[in-house]
Amino acid sequence: MKIRYFAAAAAAVLLASGAQAGAFSAGLGEFNGNGTNTTEAWGTLVFAITPGEIADSAALSGMFGNSLSSSTSVHAVYADGIEVARCASSTDFCWQSGPQAWSYTFTGAELAIFNDGMVNITTTQFDCCVVREGELSLRGTTVPVPEPGTYALMALGLVGIGVVARRRKA
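If you're wondering where the values come from, they're calculated on a predicted model, not measured in any experiment.

*Asks:* Any chance you could explain the pairing of strand 8 (residues 118–125) here in plain terms?
*Replies:* Within a regular strand, side chains alternate between the sheet's two faces. Pairing of strand 3 (residues 39–46) with strand 8 involves 7 bridges; the strand directions are antiparallel. Looking at strand 8, one finds that Gly43 is bridged to Ile121. Bridge count between strand 5 (residues 75–79) and strand 8: 5 bridges; the pairing is antiparallel. Residue pairing in the sheet places His75 in a bridge with Gln125 of strand 8.

*Asks:* Which parts of the structure should I look at to understand the side chain of Gln125?
*Replies:* Within the secondary structure, Gln125 sits in strand 8. Using a relative accessible area of 3% as the deciding quantity, one classes Gln125 as buried. Here the side chain of Gln125 touches Cys128 through a polar contact of 3.3 Å, landing on its backbone oxygen. Look past the residues within four positions of Gln125 in its chain and what remains in contact with it is Gly35, Thr36, Asn37, Thr38, Ser73, Val74, His75, Val130 and Val131.

*Asks:* Looking at this structure, I do not really get the packing of aromatic side chains. What am I missing?
*Replies:* In this description, a pair of aromatic rings is defined by centroid distance and the angle of the planes. Under the counting rule described, the total for this entry stands at 7 aromatic pairs. Taking the centre distance of 6.3 Å and the plane angle of 40 degrees together, the rings of Phe64 and Trp102 count as tilted. Here Phe64 is found in strand 4 (residues 53–64), whereas its partner Trp102 is found in strand 7 (residues 100–105), with 38 residues between them in sequence. A relative accessible area of 3% means that Phe64 is categorised as buried. Given the relative accessible area of 8%, Trp102 is considered buried.

*Asks:* Quick question: what am I supposed to make of the side chain of Glu133 here?
*Replies:* Mapped onto the secondary structure, Glu133 falls in strand 9 (residues 132–133). It turns out Glu133 is buried and unbridged, and the closest side chain with the opposite charge, Arg132, is 11 Å from it. Those residues in contact with Glu133, other than ones at most four positions away along the chain, are Glu30, Phe31, Trp42, Met63, Phe64, Gly65, Asn66, His75, Val77 and Trp102.

*Asks:* Help me out: how do you make sense of the sheet that holds strand 3 in this one?
*Replies:* One key point about sheets: their strands pair by backbone hydrogen bonds, in either a parallel or an antiparallel sense. Reading across from one edge, 3-8-5-6 is the order of the 4 strands in this open sheet, with antiparallel pairing throughout. Either end of the sheet is taken by a strand with one partner, and the two such strands are strand 3 and strand 6 (82–87). The average undirected angle you get between the axes of adjacent strands in this sheet is 20 degrees.

*Asks:* Would you take a moment to explain the nonpolar core for this structure?
*Replies:* Grouped burial of nonpolar side chains is what soluble globular proteins tend to show. In terms of nonpolar packing, the biggest core is built from 30 residues, with Leu60, Phe106, Phe114 and Ile121 touching the most fellow members. Put simply, the parts of the chain that give this core at least two residues each are strand 1 (22–28), strand 3, strand 4, strand 5, strand 6, strand 7, strand 8 and strand 10 (136–144). Not counting chain neighbours up to four residues away, the residues in contact with Leu60 comprise Leu45, Ala79, Val84, Trp102, Ser103, Tyr104, Phe106, Ile121, Leu136, Ser137 and Leu138.

The rules we used
- Residues numbered from 1 in each chain as written.
- Predicted model: local features only at pLDDT ≥ 70, side-chain atom pairs only at ≥ 80, totals over all residues.
- Heavy atoms only, no water.
- Pairing = 2+ DSSP bridges.
- Helix = DSSP H or I, 4+ residues; strand = E, 2+ residues; numbered from the N terminus.
- Buried < 20%, exposed > 50% of the residue type's maximum accessible area, 1.4 Å probe, protein only.
- Polar contact = N/O pair within 3.5 Å; in protein donor to acceptor, adjacent residues only side chain to side chain.
- Contact = heavy atoms within 4.5 Å.
- Phe/Tyr/Trp six-rings, centres within 6.5 Å; stacked < 30°, edge-to-face > 60°.
- Lys, Arg positive; Asp, Glu negative; His and termini not counted.
- Salt bridge = Lys/Arg side-chain N within 4 Å of Asp/Glu carboxyl O.
- Axes fitted to C-alpha atoms, helices over the stretch in contact; angles between N-to-C directions.
- Core = buried A, V, L, I, M, F, W, Y, C linked by side-chain atoms within 4.5 Å.

What follows is the structure in structure tokens.
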């Protein structure tokens, strides 16, 4: 009997969360810095998030070095203030030889930066030479935000299952 009630509760949870995930993507072209130790705007990734959905996963991928130069200066790349890549020193491969691929997967609270449909990408240079970045690619998925009524119905169903189980036990 208990297994049947558990199966019914699991089915209710699956039905409540059974909506399909959506997807979003965006990209930026190559970036060439101005050669000064400053923060520069690379660009803004613009994409569509379906109303009533939130970002569930997202990843950025890029390349240290580009078509003008296979290497780059020591710098960091930021997405709405979150550091997503760093060519850490002049002894690193990205500075000496390149090109070098990099990627960053967003987790937890970081995913909130995607819910408005745009992310500002900046670079901060820390030494001589010029920041050189290849094309930037963003890929992500979304999930529906359950309405409060969904949680209320699920809770009511679970309480009902508990009441029935208690009556049968007595």
